[in-house]
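# Structural description and commentary
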Amino acid sequence: MSTVWKHKDLLAIRPLDPAEIGLIHDTARAFKEVLSRSIKKVPSLRGKTVINLFVEPSTRTRTSFELAAKRLSADVVSIASESSSFKKGETLKDTGLNLQAMNSDIIILRHPAAGAPQFLAERLHAGVINAGDGAHEHPTQALLDTFTILEKFGKHDAPADQKLAGLKIAIVGDIQFSRVARSNIWAMGKLGAEVTLVGPTTLLPQEFRRLGVKISHRIDDVLAEANVIMLLRIQHERQKQQLFPSLGEYISLFGLTHERFKRCRPDVMIMHPGPINRGVEIASELADGLNSVILQQVTNGLAIRMAVLYLLTGGSGPQGVKA
Ligand code: CP
């Protein structure tokens, strides 16, 4: 039986089952084909209204949600918190209710507080999409990351929970404060990959083992076997104290340097959700090199966000994506 999307919101990867992740990926694949045409637009969301509400900075997520809505022919408005009535003390709930009162169908929220999108979703009949909440989840990032991995390594005929079976993925860096890491741990695990988290003890607590992943505090132990290495930046904005002695020490212990790259598999896939700190978590030339898919991740983000908007507004899946 084919999978049907049955959620009002997309708040996290954790509650999704592998078939639902597969439905989003299959729908995104159809939209990626649309994006390769000379006219990159379909009428799927004509008459719908999408609001981008970003209470934290963003380049990729905000722009690609806005473009995705436009490619689907929705009316879209982007609001930055600095120029909104948040500045006058309006609450998140009141902001959401007011945006909904303008007959918005979808509100996309990025917020520094974990749980803010869920709080809003429980109070609105409009759909809510989590565009990153604190260190909790960033579901569309994990969907685009796994989509990108599937393009190269996916077992397309396998059951939904085995599409990445046998694949070894290392996520390296500031795990503790990373919503990207948390969403990817869920998404990659649900698709059957073996995930190893790598970072200093202060940024990688032992509790992560409970999520079914391996833990290492030495990047050199995982390089030779990893099919995919995902680097994460240090999230200084979420850290209240210095959690490693110096940047130089971090680079020497955890940075993907040229020397370390020589010990990786020749076909290793190098990923980063962005923004990159060149020369810190990754050598600048490796970020631009042949093994890097960092910009492919961004390209795929547009198709993923089109798929999510389409499914949340009643779209039926890849078979419903029309010219
Ligand atoms: N990957 C990501 O969320 O990037 P932005 O912060 O630029 O949206």
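One structure accompanies this document, and this report is about it.

Thresholds, definitions, all that
Residues numbered from 1 in each chain as written. Predicted model: local features only at pLDDT ≥ 70, side-chain atom pairs only at ≥ 80, totals over all residues. Heavy atoms only, no water. Pairing = 2+ DSSP bridges. Helix = DSSP H or I, 4+ residues; strand = E, 2+ residues; numbered from the N terminus. Axes fitted to C-alpha atoms, helices over the stretch in contact; angles between N-to-C directions. Contact = heavy atoms within 4.5 Å. 1 Å grid on protein atoms, 1.4 Å probe; cavity = no way out; pocket = protein on both sides within 12 Å on 5 of 7 lines; lining within 4 Å. Points joined across faces, edges and corners; volume = space filled by probe spheres on them. Nonpolar A, V, L, I, M, F, W, Y, C, P; charged D, E, K, R; others polar. Domains from an automatic or database assignment. Core = buried A, V, L, I, M, F, W, Y, C linked by side-chain atoms within 4.5 Å. Buried < 20%, exposed > 50% of the residue type's maximum accessible area, 1.4 Å probe, protein only.

Turning to the sheet that holds strand E2 (residues 75-80), a few remarks are in order. The pairing of strands in a sheet comes from backbone hydrogen bonds and takes either a parallel or an antiparallel form. Overall, parallel pairing links the four strands, which are arranged E2-E1-E3-E4 in an open sheet. Two strands in the sheet have a free side with no partner beyond their single neighbour: E2 and strand E4 (127-133). Between one strand axis and the next, the sheet turns by 15° as a mean value, whatever way the strands run. As paired strands, strand E3 (residues 106-111) and E4 are joined by five bridges and run parallel to one another. Residue pairing across strands places Ile108 opposite Ile129, the latter belonging to E4. Docked against the sheet, helix H10 (residues 294-312) engages strand E1 (49-54), E3 and E4, running at close to 150° with respect to E4.

By volume, the largest pocket amounts to about 390 Å³. Taken together, 22 residues make up the lining of the largest pocket; nearest its centre are Arg110, Arg179, Arg233, Gly274 and Pro275. Breaking the lining of the largest pocket down by element, the ones donating at least two residues are helix H2 (60-71) and helix H6 (179-190). Classifying every residue of the lining of the largest pocket by side-chain character gives five nonpolar, nine polar and eight charged. When we break the lining of the largest pocket down by domain, the ones giving at least three residues each are domain 1 (18-137 + 299-320) and domain 2 (139-297). There is about 200 Å³ of room inside the second largest pocket.

So, about the nonpolar core. Core analysis: the largest hydrophobic core is formed by 68 residues, its most contacted members being Ile149, Ile171 and Leu309. If you tally residues by element for this core, the top one is H10, at 10 residues. Structurally, this core is a two-domain feature, drawing no fewer than three residues from each of domain 1 (18-137 + 299-320) and domain 2 (139-297). Ignoring sequence-local partners within four residues, the contact set of Ile171 consists of Ala181, Asn184, Met188, Val195, Thr196, Leu197, Val198, Met230 and Leu232.

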